[in-house]
Amino acid sequence: QVQLVESGGGLVQAGGSLRLSCAASGRTFSDYSMAWFRQAPGKEREVVAAISRGGGSTHYADSVKGRFTISRDNAKNTVYLQMNSLKPEDTAVYYCAADSGAIWRPTQDRLYDYWGQGTQVTVSS
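First things first, this report covers the structure right here in the doc. (Residues numbered from 1 in each chain as written. Predicted model: local features only at pLDDT ≥ 70, side-chain atom pairs only at ≥ 80, totals over all residues. Heavy atoms only, no water.)

1. Re the overall build of the chain
Next up, step 1: Scanning the chain from N- to C-terminus turns up zero helices and 11 strands.
Next up, step 2: Ordering the α and β elements of the chain from the N terminus gives β-β-β-β-β-β-β-β-β-β-β.
Next up, step 3: On C-alpha atoms alone, the chain measures out to a radius of gyration of 13 Å, which is about the 14 Å that the 2.2 N^0.38 rule sets for 125 residues.
Next up, step 4: With respect to the three principal axes, the spread of C-alpha positions in the chain is 40 × 25 × 25 Å.
Next up, step 5: The buried share of the chain, reckoned over its 125 residues, is 42%.
Next up, step 6: When contacts within the chain are restricted to residue pairs at least 6 apart in sequence, long-range pairs at least 24 apart make up 59% of them.
Next up, step 7: About 6300 Å² of surface is accessible on the chain, with carbon and sulfur atoms providing 45% of the total.
Next up, step 8: Side chains of the chain carry 13 positive and 11 negative charges; the gap between the two charge centres is 3 Å. (Helix = DSSP H or I, 4+ residues; strand = E, 2+ residues; numbered from the N terminus. Rg over C-alpha atoms; globule rule 2.2 N^0.38 Å. Buried < 20%, exposed > 50% of the residue type's maximum accessible area, 1.4 Å probe, protein only. Contact = heavy atoms within 4.5 Å. Areas by Shrake-Rupley, 256 points an atom, 1.4 Å probe, with all protein chains shown as cover. Lys, Arg positive; Asp, Glu negative; His and termini not counted. Charge placed at Lys NZ, Arg CZ, Asp CG, Glu CD.)

2. Some details on the environment of Gln13
Next up, step 1: Here Gln13 is to be found in strand E2 (residues 10–13).
Next up, step 2: In the structure, Gln13 is positioned 73 residues away from Leu86 in sequence and 7.7 Å away in space, judged by C-alpha atoms.
Next up, step 3: Once residues within four sequence positions are removed from consideration, Gln13 is found in contact with Val123 and Ser124.

3. Observations regarding the environment of Gln3
Next up, step 1: Structurally, Gln3 can be placed in strand E1 (residues 3–7).
Next up, step 2: For Gln3, a relative accessible area of 36% corresponds to the partly exposed category.
Next up, step 3: Along the chain, Gln3 and Cys22 lie 19 residues apart, while their C-alpha atoms are 9.7 Å from each other.

4. With respect to empty space enclosed by the protein
If a probe the size of a water molecule is rolled over the atoms, the empty space left behind becomes visible.
Next up, step 1: Under the definition given, this model contains one cavity of 30 Å³ or more.
Next up, step 2: Reported here for the largest cavity is a volume of approximately 50 Å³.
Next up, step 3: Lining the largest cavity are Val2, Ala24, Ser25, Arg27, Thr28, Phe29, Tyr32, Met34 and Ala98.
Next up, step 4: Per-class residue counts for the lining of the largest cavity are six nonpolar, two polar and one charged. (1 Å grid on protein atoms, 1.4 Å probe; cavity = no way out; pocket = protein on both sides within 12 Å on 5 of 7 lines; lining within 4 Å. Points joined across faces, edges and corners; volume = space filled by probe spheres on them. Nonpolar A, V, L, I, M, F, W, Y, C, P; charged D, E, K, R; others polar.)

5. Section: the pattern of salt bridges
Next up, step 1: Taken as a whole, this structure holds five salt bridges when the rule is applied.
Next up, step 2: Ionic pairing is found between Arg38 and Asp90, a salt bridge with its closest N-O pair at 2.9 Å. Here Arg38 is found in strand E4 (residues 33–39), whereas its partner Asp90 is found in the loop between strand E8 (78–83) and strand E9 (92–99), with 52 residues between them in sequence.
Next up, step 3: By relative accessible area, Arg38 is classed as buried at 6%.
Next up, step 4: For Asp90, a relative accessible area of 1% gives the class buried.
Next up, step 5: The salt bridge involving Asp62 is made with Lys65; its shortest N-O contact spans 3.1 Å.
Next up, step 6: Because the salt bridges share partners, they merge into one network encompassing Arg38, Glu46, Arg67 and Asp90. (Salt bridge = Lys/Arg side-chain N within 4 Å of Asp/Glu carboxyl O.)

In structure tokens:
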């Protein structure tokens, strides 16, 4: 079992920045690829960014490329999402997820084994 706890969400003006953190516990963190998903009201959940087990590979949604950066610190069992140049359309609940699969398929949300409780990000115009 893996427990994931997100933090760092909040209210920010357009153009501002936030840094989300997701602390993992329970199993060997480096055994899991990690991702951030988000879900806005009335919309489907979508992958925002993902990172492989060792951190050598990353994936980003087109809508956040150049603005968001995912990173991980396996020594601290934590994955981060640095969000810059935030836009009102980035408003959503952001979820951290962990995937134990041997094949990295970052966009397949059904493959993720564990999910955090979510943290709200609100960007005002």
